[in-house]
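# Examining the three-dimensional arrangement
Below are the chains, spelled out letter by letter.
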Amino acid sequence: MPYPVVHVLFFLFCVGAAAIFAITKALSRKELNLKNSTELLLIAYIGSMCTLFPDLPAVYNLFTNGTLDHISVGSIPTHSILFSVTAVLFGTAIEYALYRKVNKALYMGVFAESAFLTHLLLDDIVEGGCPYLYPLYNGNISVFSIMDTGFADAGSLSHYLAISIATVFCVFIVIMMALFALNKFGFEFNYKVKK
Ligand SMILES: [Zn+2]
């Protein structure tokens, strides 16, 4: 499994690449002040923590059993969309406790969810699948292995295109969730038409 630092770096610098770019530009224009930086640090903290949530049982097991077993909490696999509720609650609760604004808290929940899901995607790449859909489907699913479906395996052009679009969309939606939430926290992603 990728180590925690890899998960955090993957989320912040790959999924959040557009935000890093925006921050760099703001720094170069000297537009960042202490208040803005504090909010940015909170966003980075919640994202970093939530991207580690699927491996939380590993920390518990390390201290109690001396193992790095990080598969489940009770019967619930932590590498599932169901368990991502914990990250959403974490992000939403912290944001609401600090700013008392329901909208911002909900946007932070979306951001936390995207951070959690990037952990699953990275584990999927490395380990070949996660039980994303528990309890609807208990087995591992690998978005990236399905991407590798060939023309012949798909059976028809329409089936091949459907598989390709669906699998890429899984990654796309996670990145868009992060960008959507960041946009609500002051990041602007604009296209300027050249005249
Ligand atoms: Zn993991």
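Residues numbered from 1 in each chain as written. Predicted model: local features only at pLDDT ≥ 70, side-chain atom pairs only at ≥ 80, totals over all residues.

## Looking at the packing of helix H3 (residues 34-50) against helix H6 (residues 102-127)
For clarity, the threshold we go by: Geometry is summarised by axes, namely lines fitted to C-alpha atoms with helices restricted to the contacting stretch, and by angles between N-to-C directions that run from 0 to 180 degrees. By definition, any uninterrupted DSSP run of H or I lasting at least four residues is a helix, any uninterrupted run of E lasting at least two residues is a strand, and each is numbered from the N terminus. Under this scheme an angle from 65 to 115 degrees is roughly perpendicular, one under 35 degrees roughly parallel, and one over 145 degrees roughly antiparallel; angles in between are oblique. Whether a crossing is left-handed or right-handed is set by the direction in which the near helix is turned from the far one by less than a right angle, anticlockwise for left-handed and clockwise for right-handed. With C-beta atoms placed from the backbone, a contact is any residue pair whose C-beta atoms sit within 7 Å. Basically, the charged four are Asp, Glu, Lys and Arg, the nonpolar ten are Ala, Val, Leu, Ile, Met, Phe, Trp, Tyr, Cys and Pro, and anything else, Gly included, counts as polar.
It is at 7 Å that the axes of H3 and H6 come closest, and there the two elements cross at 40°. Accordingly, the angle class assigned to the pair H3 and H6 is oblique. As for how H3 packs across H6, the hand of that crossing is right-handed. For the pair H3 and H6, contact is made by Ile43, Ile46, Gly47 and Cys50 and by Met108, Phe111, Ala112, Ala115 and Phe116, respectively. Taken together, the residues of the contact of H3 with H6 break down into eight nonpolar, one polar and no charged.

## Section: the nonpolar core
For the record, the criterion: For this entry, the nonpolar core is defined as buried Ala, Val, Leu, Ile, Met, Phe, Trp, Tyr and Cys residues connected by C-beta atoms within 7 Å. Put plainly, a residue is buried at 20 or more neighbouring C-beta atoms within 10 Å of its own, exposed at 12 or fewer, and partly exposed in between, counting only other residues' C-beta atoms, which are placed from the backbone.
In terms of nonpolar packing, the biggest core is built from 25 residues, with Cys50, Phe111, Ala112, Ala115 and Phe116 touching the most fellow members. Mapped by element, the contributors of at least two residues to this core are helix H1 (4-15), H3, H6 and helix H9 (157-184). Looking at this core element by element, the count peaks at 10 residues for H6. Not counting chain neighbours up to four residues away, the residues in contact with Phe111 comprise Ile43, Ile46, Gly47, Gly91, Ala178 and Ala181.

## Re H6
Condition: One fewer than the residue count of a helix, multiplied by 1.5 Å, yields its expected span.
With 26 residues, H6 should cover 38 Å at 1.5 Å per step; its first-to-last C-alpha distance of 37 Å lies within 8% of that length. Phi turns positive, to about 85°, at Gly128, one or two residues after H6.

## Thoughts on the UniProt feature "transmembrane region" (unreviewed entry) in the protein chain
For clarity, the threshold we go by: UniProt positions are given in the numbering used here, feature names are shortened, and annotations may be inferred rather than shown by experiment.
According to UniProt, the positions carrying the feature "transmembrane region" (unreviewed entry) are residues 6-28, 40-60, 80-98 and 160-182. Helix makes up 76% of residues 40-60 and strand 0%, and the two end C-alpha atoms of the span are 29 Å apart. Secondary structure within residues 80-98 divides into 79% helix and 0% strand; the distance between the first and last C-alpha atoms comes to 28 Å.

## Side note on the confidence of the model for the protein chain
What counts is decided by this rule: Residue-level confidence of the predictor is what pLDDT reports, using numbers from 0 through 100.
In the predicted model, the protein chain carries a mean pLDDT of 88, and 96% of its residues have values of at least 70. Mean pLDDT values over the elements of the protein chain span from 73, in helix H8 (residues 151-154), up to 96, in helix H5 (residues 84-99).

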